[in-house]
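Per-entry structural report
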Amino acid sequence: MAMPQTIRLTSPDGHYIAEIIPEAGAILSSLRYQSQELIDCPYGQPDWSAGYPSAVLYPFPNRINQGTYRWRNQTYQIPINEVGRNHALHGLVWNQPFAIVQSSDSSLVCAYQYTGQVTGYPFPFQLVLNFLVQNTGLTLHFTLTNEASVEVPAAWGWHPYFTFSDQGIDSYSISLPKCESLPLSDAMIPNFDLPSVPIQWNRQSLKGIELDQVYRREGHTPIQIELENEEGKVTCQYSEEITYFTLYTPPHRKSIAIEPQTSHIDSFNNQQGLWVLKPQEKKSGQVTIQYTPVTSVGETR
């Protein structure tokens with residue numbers, strides 16, 4: 001099978017290079033600052049999709065409990081793709097072909113037109129992604145439109161893994177804004193019988209720490225997350241529409257997923273962060289990724 005087309009974007013100063021594969025869910029398969037790779041997305045390798053690297057998540061991020069939800073007095077069943085836990089996971093577009101709408105040396109606009117073909121979500125929509133590479137980093141801007149004739153439940157997310165060191169994530173520390181760690185059950189579904197835990201991490205070491213946890217920001221300040229080690233720092237900034245995020249450390253510990261989400265896990269059932277979109281209503285937001293290298297004297301520049 002021939003490899004699908006990869007679109008390469010370059011910042012005006014040539015420092016950032018991004019590669020996107022529209023036909024494979026519009027995944028960000030590579031993001032480099034000079035020669036340093038920042039993204040772990042082994043597209044083309046066996047089982048590359050097992051951890052959903054760089055997947056765009058819509059109309060729901062994370063899980064729907066047993067793939068079942070009730071909407072406007074009707075029960076829907078989304079296909080189960082997390083078999084071990086019996087959940088629907090990460091939406092319906094992560095492996096779908098996006099059409100290229102417009103491209104230039106530094107930007108790509110691509111779109112996916114959903115016709116309602118999955119019986120568990122029979123609500124047409126359009127999802128447009130705009131990747132822009134500037135001298136300050138990469139921005140992913142999304143716009144989605146409810147094209148159904150009725151109100152629909154919806155939420156957006158993204159699933160990039162970050163790596164910029166051969167030492168793996170034990171060499172990293174992470175800084176988080178004021179937020180709440182939200183308790184989950186053994187089945188990784190929200191447990192509302194337990195209280196949330198307020199946290200704020202300032203260069204918390206990831207050595208030996210295993211994470212598969214969702215967080216909700218406090219207040220209305222946009223989220224900024226910093227991942228760093230002695231080599232450099234990745235900064236992720238989310239627009240105000242994005243109020244949740246997930247941190248996940250895979251067993252291989254080569255990288256860490258930092259996943260923006262507009263809703264909680266299982267939001268079709270618990271309504272936490274859920275968008276209810278009227279016919280033709282649009283929602284948008286954006287994620288920015290920046291890398292700052294460390295100089296020989298140990299300072300970022």
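For the structure, see preceding data.
The following refers to the structure shown. (Residues numbered from 1 in each chain as written. Predicted model: local features only at pLDDT ≥ 70, side-chain atom pairs only at ≥ 80, totals over all residues. Heavy atoms only, no water.)

1. Some words on the overall build of the protein chain
The helix and strand tally for the protein chain stands at 1 helix and 27 strands. For a compact globule of 301 residues, the expected C-alpha radius of gyration is about 19 Å, and the protein chain comes in at 19 Å, within 12% of that figure. Principal axes of the C-alpha set define a box for the protein chain whose edges measure 65 × 45 × 40 Å. Per-residue burial over the protein chain gives 55% buried out of 301 residues. Taking the intrachain contacts of the protein chain between residues at least 6 apart in sequence as the baseline, contacts between residues at least 24 apart amount to 64%. Taken as a whole, the protein chain presents about 13,300 Å² of accessible surface, with 46% of it coming from carbon and sulfur. Across the protein chain, 18 positive and 28 negative side-chain charges occur, with their mean positions spaced 4 Å apart. (Helix = DSSP H or I, 4+ residues; strand = E, 2+ residues; numbered from the N terminus. Rg over C-alpha atoms; globule rule 2.2 N^0.38 Å. Buried < 20%, exposed > 50% of the residue type's maximum accessible area, 1.4 Å probe, protein only. Contact = heavy atoms within 4.5 Å. Areas by Shrake-Rupley, 256 points an atom, 1.4 Å probe, with all protein chains shown as cover. Lys, Arg positive; Asp, Glu negative; His and termini not counted. Charge placed at Lys NZ, Arg CZ, Asp CG, Glu CD.)

2. Quick word on the environment of Pro177
Along the chain, Pro177 falls in the loop between strand S17 (173-175) and strand S18 (179-181). Linking Pro177 and Gln126, residues 51 residues apart in sequence, is a C-alpha distance of 32 Å. Residues within four places of Pro177 in sequence aside, it is in contact with Ile199, Gln200, Ile223, Gln224 and Ile225.

3. A few points about the pairing of strand S24 (residues 244-248)
For S24, the tally of buried residues reaches 4 of 5 residues, placing the bulk of the element in the interior. Both strand S21 (residues 212-217) and S24 contribute to a ladder of 5 bridges, which runs antiparallel. Bridge assignment links Gln213 to a residue of S24, and that residue is Leu247. In the sheet, S24 pairs with strand S25 (residues 256-261) via 5 bridges, with the strands oriented antiparallel. Bridge pairing links Phe245 to Pro260 in S25. (Pairing = 2+ DSSP bridges.)

4. Overview of the layout of surface pockets
A volume near 280 Å³ is recorded for the largest pocket. Arg63, Glu82, Leu89, His90 and Tyr248 are the residues nearest the centre of the largest pocket, which is lined by 16 residues in total. The residue makeup of the lining of the largest pocket, split by class, is 5 nonpolar, 6 polar and 5 charged. Computed from the structure, the second largest pocket encloses a volume of approximately 230 Å³. Here the lining of the second largest pocket is built from residues that sort into 9 nonpolar, 3 polar and 3 charged. (1 Å grid on protein atoms, 1.4 Å probe; cavity = no way out; pocket = protein on both sides within 12 Å on 5 of 7 lines; lining within 4 Å. Points joined across faces, edges and corners; volume = space filled by probe spheres on them. Nonpolar A, V, L, I, M, F, W, Y, C, P; charged D, E, K, R; others polar.)

5. Here we look at the sheet that holds strand S12 (residues 125-134)
An order of S10-S11-S12-S13-S27-S23-S22-S17-S20 is seen for the 9 strands of this open sheet, with the pairing classed as antiparallel. Whereas interior strands pair on both sides, the edge strands pair on one side only; in this sheet they are strand S10 (99-103) and strand S20 (204-205). The pairing of S12 with strand S13 (residues 137-146) spans 10 bridges and is classified as antiparallel. Along S13, the bridge assignment pairs Val133 with Leu138.

6. A short note on the state of the cysteines
This model, assessed by the stated rule, comprises 0 disulfides. Cys179 takes part in no disulfide bond, and the closest cysteine sulfur, belonging to Cys236, lies 14 Å away. Its relative accessible area of 0% is what places Cys179 among the buried residues. (Disulfide = S-S within 2.5 Å.)

7. A look at the pattern of salt bridges
Following the criterion strictly, the structure yields 9 salt bridges and no others. The salt bridge partner of Glu82 is Arg63, with a shortest N-O separation of 2.8 Å. In this pair, Glu82 is assigned in the loop between strand S8 (74-77) and strand S9 (88-89) and Arg63 in strand S6 (residues 63-64), connecting sequence segments 19 residues apart. As far as burial versus exposure is concerned, Glu82 and Arg63 are alike and both buried. (Salt bridge = Lys/Arg side-chain N within 4 Å of Asp/Glu carboxyl O.)

8. Focus: the side chain of Thr288
The residue Thr288 is located in strand S27 (residues 282-293) in this model. Judged by relative accessible area, Thr288 falls into the buried class, the value being 17%. Residue contacts for Thr288: discarding those within four places in its chain leaves Leu138, Thr139, Thr235, Cys236 and Gln237.

9. Some details on the sheet that holds strand S4 (residues 36-37)
Spatially, 4 strands are ordered S1-S2-S3-S4 in an open sheet, and the strand pairing comes out antiparallel. A single partner strand is all that each edge strand has here, and the edge strands are strand S1 (7-10) and S4. One ladder, built from 2 bridges, connects strand S3 (residues 27-33) with S4; its direction is antiparallel. Bridged to Tyr33 within S4 is Gln36.

10. Topic: the nonpolar core
Grouped together as the largest cluster of nonpolar side chains are 77 residues, with contacts concentrated most on Tyr121, Leu127, Leu129, Phe131, Trp156 and Ile174. Counting residues per element, this core draws most heavily on S12, which supplies 5 residues. What Tyr121 contacts, discounting residues up to four positions off in sequence, is Pro59, Tyr69, Leu92, Tyr114, Gly116, Val152, Pro153, Ala154 and Phe268. Membership of the second largest hydrophobic core comes to 7 residues, among which are Leu182, Met188, Val214 and Ile265. (Core = buried A, V, L, I, M, F, W, Y, C linked by side-chain atoms within 4.5 Å.)

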